[in-house]
Amino acid sequence: LSFITLPEKCTADTSLKIIYCAIPKNIPTANNAIEDYYMRGIYTDDALYFINLADGSYGEITTNSETVIDAVSLKFQNNSLYLINRLDDKLYLMPL
């Protein structure tokens, strides 16, 4: 698995065996894309993935929502993934 994302778009479970990341579906190609992202000049449409460090497996976490998510501040707790969607600044809960 090869991907590009930002540190605030990833978190680990409590055992540190599984990493969860929001991976942009399209990477902006502008020279100042990262700066623009942090200044809220651009947004991403993210897919959520898990990566199992113990056995090397990975996959997309499917959601039942049509909501576009630009996820940051991911947190794993009680078999759920919490995140802030930059597009609406709301907290989202995704049971795993």
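To be clear, the structure that these remarks concern was listed above.
Residues numbered from 1 in each chain as written. Predicted model: local features only at pLDDT ≥ 70, side-chain atom pairs only at ≥ 80, totals over all residues. Heavy atoms only, no water.

(A) Structural detail: the packing of aromatic side chains. On inspection of all chains with the given rule, the structure shows 2 aromatic pairs. Here the aromatic rings of Tyr 20 and Phe 76 are separated by 5.3 Å at their centres, their planes lie at 5 degrees, and the arrangement is stacked. On the criterion of sequence distance, the pair formed by Tyr 20 in strand β2 (residues 18-24) and Phe 76 in strand β5 (residues 71-77) is long-range, its members being 56 residues apart. In terms of burial, Tyr 20 and Phe 76 fall into one category: buried. Considering the side-chain rings of Tyr 37 and Tyr 38, the 5.9 Å spacing of their centres and the 75 degrees angle between planes classify their relative orientation as edge-to-face. A relative accessible area of 45% places Tyr 38 in the partly exposed class. Sitting over the ring of Tyr 37, Arg 86 keeps its end group 3.8 Å from the ring centre. (Phe/Tyr/Trp six-rings, centres within 6.5 Å; stacked < 30°, edge-to-face > 60°. Helix = DSSP H or I, 4+ residues; strand = E, 2+ residues; numbered from the N terminus. Buried < 20%, exposed > 50% of the residue type's maximum accessible area, 1.4 Å probe, protein only. Lys NZ or Arg CZ within 6 Å of the ring centre and 35° of its normal.)

(B) Focus on the side chain of Asn 85. Relative to the elements of secondary structure, Asn 85 occurs in strand β6 (residues 80-85). Reaching out from Asn 85, the side chain makes a polar contact with the backbone nitrogen of Asp 70 at a distance of 3.1 Å. Those residues in contact with Asn 85 that lie beyond four places of it in its chain are Thr 67, Val 68, Ile 69, Asp 70, Lys 90 and Tyr 92. (Polar contact = N/O pair within 3.5 Å; in protein donor to acceptor, adjacent residues only side chain to side chain. Contact = heavy atoms within 4.5 Å.)

(C) Main features of the state of the cysteines. By the definition in use, this model includes 1 disulfide. With its sulfur 2.1 Å from that of its partner, Cys 10 forms a disulfide with Cys 21. Torsion about the S-S bond of the Cys 10 and Cys 21 cystine: about 115 degrees, corresponding to right-handed handedness. Taken as a pair, Cys 10 in strand β1 (residues 10-12) and Cys 21 in strand β2 lie far apart in primary sequence, 11 residues in all. For Cys 21, a relative accessible area of 3% puts it in the buried group. (Disulfide = S-S within 2.5 Å.)

Just geometry here; none of it tells us what the structure is for.
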